[in-house]
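Each chain is listed here by its residues.
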Amino acid sequence: MASTSSTAASTNTLPWCRVEKYRPTVLTDVVGNQETVERLNVIAGSGNMPNVILAGSPGIGKTTSILCLAHALLGPAYKEAVLELNASDDRGIDVVRNRIKTFAQKKVNLPPGRHKIIILDEADSMTPGAQQALRRTMEIYSGTTRFALACNLSSKIIEPIQSRCAILRFGTLQNDQVLRRLVEVCRAEGVQYTPEGLEAVAFSADGDMRQAINNLQSTASGFGLVTPDNVFRVCDQPHPVVIQKMLASCCAGSVDEAVACISHLWTQGYSAVDIITSIFRVVKTFGDLDEDRRLQFIREIGTTHMRIVDGLQTLVQLQGLAARLCKPVAC
């Protein structure tokens, strides 16, 4: 009896993302990117899958979508007919010559008109030599095998491979799309939350569904209640309320108050990169800015971000940004 209860307890503490507990298994459950998912649905319906490159930011459903497509195309033959590799780990030329080539040569009983599928996650991390070897493999085994390459930047894939693939681009998820899935997870896990708390989780993830679910679980397991304060304590990000206060002071032309807000975040131990990144994300949705003022703010933030990335990670840079944001819009 004790072993059963311990097993149940260990199951409840498993990471919700890492064990793919809430990963969709059919294309209709994939969140966001409706147009791209529709194209995959057409491929699933026709059964004629081309080589594809799926490009976009992390955590927006690229790998999940291609796995759902593979399930739809192959059905019970999925386990034998799909090879999934993370190219950031297995990225050398030997992997292409050995594992990928061996799988492409393997004979598998498939439904009529279907092909084996090789999924390469983070394919833009592959070495140029491995990509050249992969190009040749794609040519030789085009009659039996299809390739799906998931990457952040399709430009890092060599041109010969790009020309042999259909490129599907995934955009960042919207906060309302992330929120709907977070509500489903909270109900399934019995997590107590406030609406503002889930909005804070979505804000902290910045369109990354994987990060959102991980942040949700971290907050729920650490505090038991998902509220904005708890979320930002777990994620260790500057609180957007302080940044909104700073922006309001800039709109009112109050340099001293704006600088005081920046200095407050600095004394809490946040780095210049953390602060400037959060300022940019808040500015995009800050309601008290007209279009000209918002563009002015984004331009100044971008210039300061560039200086910080170049190594000038000082409080003076952030205070100077706050002072420049207080200037009126030039006519």
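Residues numbered from 1 in each chain as written. Predicted model: local features only at pLDDT ≥ 70, side-chain atom pairs only at ≥ 80, totals over all residues. Heavy atoms only, no water.

Going by the annotation in an unreviewed UniProt entry, the name recorded for the protein is Replication factor C subunit 4, with Coemansia helicoidea given as the source organism.

**A few points about the environment of Gly 59**
Here Gly 59 shows up in the loop between strand 1 (52-55) and helix 3 (62-74). For Gly 59 and Gln 319, which are 260 residues apart along the polypeptide, the C-alpha to C-alpha distance reads 33 Å. Filtering out sequence-adjacent residues up to four positions away, Gly 59 remains in contact with Leu 173, Gly 207, Asp 208, Met 209 and Arg 210. (Helix = DSSP H or I, 4+ residues; strand = E, 2+ residues; numbered from the N terminus. Contact = heavy atoms within 4.5 Å.)

**What about the sheet that holds strand 5 (residues 166-169)?**
Ordered in space as 2-3-4-1-5, the 5 strands form an open sheet in which the pairing is parallel. The sheet is open, and its two borders are formed by strand 2 (82-86) and strand 5, each paired with just one other strand. Across the sheet, the mean angle separating the axes of adjacent strands is 15° when strand polarity is ignored. Where strand 1 meets strand 4 (residues 145-151), 4 bridges bridge the pair, whose relative direction is parallel. (Pairing = 2+ DSSP bridges. Axes fitted to C-alpha atoms, helices over the stretch in contact; angles between N-to-C directions.)

**Structural notes on the environment of Glu 139**
Along the chain, Glu 139 falls in helix 6 (residues 128-140). Residue class for Glu 139 comes out partly exposed when judged on its relative accessible area of 29%. The spacing of Glu 139 and Ile 161 is 22 residues in sequence and 9.9 Å in space, taken between C-alpha atoms. (Buried < 20%, exposed > 50% of the residue type's maximum accessible area, 1.4 Å probe, protein only.)

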